[in-house]
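This is what each chain is made of:
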Amino acid sequence: MARHSIGLTYLPVMYRALTFILTFLLYTSFHLSRKPISIVKSELHKNCSSVSDLATIGASSGAGSGQQPSLLTAHLTDMDCSWKPFDKRNYKQLLGAMDYSFLCAYAVGMYLSGIIGERLPIRLYLTVGMLTSGLFTCLFGLGYVYNIHSLGFYIFVQVANGLVQTTGWPSVVTCISNWFGKGRRGLIMGLWNSHTSVGNILGSLIAGYWVSSNWGLSFIVPGLIIAAMGVVCFLFLIELVNNNAMYCFFKQVQDKSWNGVNGHTEMYLQYKEGKAQSYDTELLLPRDSVCVPVQPVVVVKRESEPSPISFMGALRIPGVIEFSLCLLFAKLVSYTFLFWLPLYITKAAHLDAKKAGDLSTLFDVGGIVGGILAGVISDKLGKRATTCAIMLLLAAPTLYGFSMISEFGLGPTIGMLLVCGGLVNGPYSLITTAVSADLGTHKSLKGNARALSTVTAIIDGTGSVGAALGPLLAGLLSAGGWDQVFYMLMTADFLALLLLLRLVTKELTSSKSRPISAVE
């Protein structure tokens, strides 16, 4: 029995480890499948611009020698500069619109996803989302294979993919929060949320491998990966339906050591006059000296199933609105880097698409460190909003420094990418994970864990509005120079900081020093 008890003792730990690793890999595949578009952007227009330069050189040399431009040059221009519709001068606006279509669909779908996710099994809901996301990601790559040049086709694929990808975040956050309590939540969530940066890094490397030779595979391979992970999710993801019941079961088994008949110690009840006993017990016990044997039984109380929280009910939770609007601007900055950083590096550092994609991964490396630091500091101080505010305050001038230093060579660019990644992704990571989990288990909910998915979807959905606006504005503003893009990013950081001032004031004036003090 001792060996069996030890096995049961470690069983919850094994389930937690499995859930941590599996949900980490599942959402890594989500971000892995989103990254290729930012890598392929520079290749979509590079073909056209490079061939146009070749045609210009050929025309100039022909005019200088008194000859007409060669037929071969004209033929090359017609054939190679043909990846429509991104061969036009407004290609930045077109690429921005394509980003916007994905992110706008993602933002709208996220509000619905949390409500739907609370009413369906997480495992099935997440599996269907990953399989369909893999399908649409592959469809984008098949546009290269079948030589599709319709902007409507790519917009449709982006919109559909944005909608189905909303199944991921509320599901994995709900699952990981069910298995892990509030103790050291910032550290655990900070480590776990590094899947965002890991997915971006892997997506950049995978897409960059094929971007110059066959950019269709830059989408097809990640699409197949997320679909395969959907199958893994269906086979191995474990939902924790009732955390209290699970804890009660393991607690009972660990605390008891029975060694009587059939593994139980024999216990007896006997009626004694004048001794306080329950009414039911007195009716069942005989009035003589007979002892009635009783077997100990593990009883797990089954609570009534809590009802899902409404959208307005979730908004009334203290702190949800402030953190949601803060995330709108924080995610605007993060996703602008996600979708436009490789293209900016190709223009500022004059690198090809593959090298720019590889270099852009340093931003995500910094994001991993920043997310973990934000979690550790917020756990130590017990002040989530204050931690976010400090990082946002430091991020704005750092962005300005990056826009200046990136023109002075590769070394300074690498350093600033790491610092910017940490300061930009730190607050974004903390709000979408630990803060969302804290608010989703707020004391005003009275233990209703089914509110977590809706709260997470509201916060991330609002943030996704910013994620949709950021790349779109970057596409419009970059036509007038990249400086305007960085001014927009710095403004967004300051607005995010302003939205947290009330919660920061509450935390600093509170005598308590413990996590989520601003949202209790």
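In the annotation of an unreviewed UniProt entry, the entry for the chain reads Solute carrier family 37 member 1, and the organism field reads Sparus aurata. Taken from UniProt, the Subcellular location (unreviewed entry) comment for the chain reads in full: "Membrane". Regarding the chain, the UniProt comment filed under Sequence similarities (unreviewed entry) reads as follows: "Belongs to the major facilitator superfamily. Organophosphate:Pi antiporter (OPA) (TC 2.A.1.4) family."

(A) Region of the structure containing the packing of helix α16 (residues 384-405) against helix α19 (residues 482-499). For the pair α16 and α19, the least separation of the axes is 8 Å and the interaxial angle reads 170°. Judged by the angle between their axes, α16 and α19 are roughly antiparallel. Counted together, Ala389, Leu392, Leu393, Ala395, Ala396, Leu399, Tyr400, Phe402, Ser403 and Met404 of α16 and Asp483, Phe486, Tyr487, Leu489, Met490, Asp493, Phe494, Ala496 and Leu497 of α19 form the full contact between these two elements. For the contact of α16 with α19, a count of residues per class yields 16 nonpolar, 1 polar and 2 charged.

(B) Structural context of the nonpolar core. Counting residues in each nonpolar core, the largest one holds 106 residues, and the members touching the most others are Phe337, Phe402 and Leu489. Examining the composition of this core, we find that 15 residues originate from one element, helix α14 (residues 320-348), more than from any other. Setting aside chain neighbours within four positions, we find Phe402 in contact with Phe337, Leu341, Tyr344, Thr413, Met416, Leu417, Cys420 and Phe486.

(C) Structural detail: the environment of Val231. The residue Val231 is located in helix α10 (residues 217-236) in this model. Taking C-alpha positions, Val231 is 10.0 Å from Leu126, a pair spaced 105 residues apart along the chain.

(D) The arrangement of the packing of aromatic side chains in detail. This model, assessed by the stated rule, comprises 22 aromatic pairs. With a centroid separation of 5.2 Å and an interplanar angle of 75°, the aromatic rings of Tyr344 and Trp482 are classed as edge-to-face. With Tyr344 in helix α14 and Trp482 in helix α19, this residue pair connects regions lying 138 residues apart in the sequence. The class for Tyr344 is buried, based on a relative accessible area of 6%.

(E) Representation of α10. For α10, with 20 residues, the first-to-last C-alpha span of 28 Å sits near the 28 Å given by 1.5 Å per residue. Turning to α10, its buried residues are Ser218, Phe219, Ile220, Pro222, Gly223, Ile226, Ala227, Met229, Gly230 and Cys233.

(F) Representation of the side chain of Ser360 in the model. Topologically, Ser360 is positioned in helix α15 (residues 353-381). Under the relative-accessibility criterion, Ser360 is labelled buried at 1%. Apart from the residues lying within four places of it in its own chain, the contact partners of Ser360 are Lys35, Ile39, Ser204, Leu341, Pro342 and Ile345.

(G) Local environment of the pattern of salt bridges. The final tally for this structure, using the stated rule, is 5 salt bridges. A salt bridge links Arg502 to Glu322, with the nearest nitrogen and oxygen atoms 2.5 Å apart. Of this pair, Arg502 sits in helix α20 (residues 501-509) while Glu322 sits in helix α14, and the two are 180 residues apart along the sequence. A relative accessible area of 48% means that Arg502 is categorised as partly exposed. Note on Glu322: relative accessible area 18%, which makes it buried. A salt bridge links Asp358 to Lys354; the nearest nitrogen and oxygen atoms lie 3.1 Å apart.

Reading guide: rules and limits
Residues numbered from 1 in each chain as written. Predicted model: local features only at pLDDT ≥ 70, side-chain atom pairs only at ≥ 80, totals over all residues. Heavy atoms only, no water. UniProt positions renumbered as here; feature names shortened; annotations may be inferred. Axes fitted to C-alpha atoms, helices over the stretch in contact; angles between N-to-C directions. Helix = DSSP H or I, 4+ residues; strand = E, 2+ residues; numbered from the N terminus. Parallel < 35°, antiparallel > 145°, perpendicular 65-115°, else oblique. Contact = heavy atoms within 4.5 Å. Nonpolar A, V, L, I, M, F, W, Y, C, P; charged D, E, K, R; others polar. Core = buried A, V, L, I, M, F, W, Y, C linked by side-chain atoms within 4.5 Å. Buried < 20%, exposed > 50% of the residue type's maximum accessible area, 1.4 Å probe, protein only. Phe/Tyr/Trp six-rings, centres within 6.5 Å; stacked < 30°, edge-to-face > 60°. Expected span 1.5 Å × (residues − 1). Salt bridge = Lys/Arg side-chain N within 4 Å of Asp/Glu carboxyl O.

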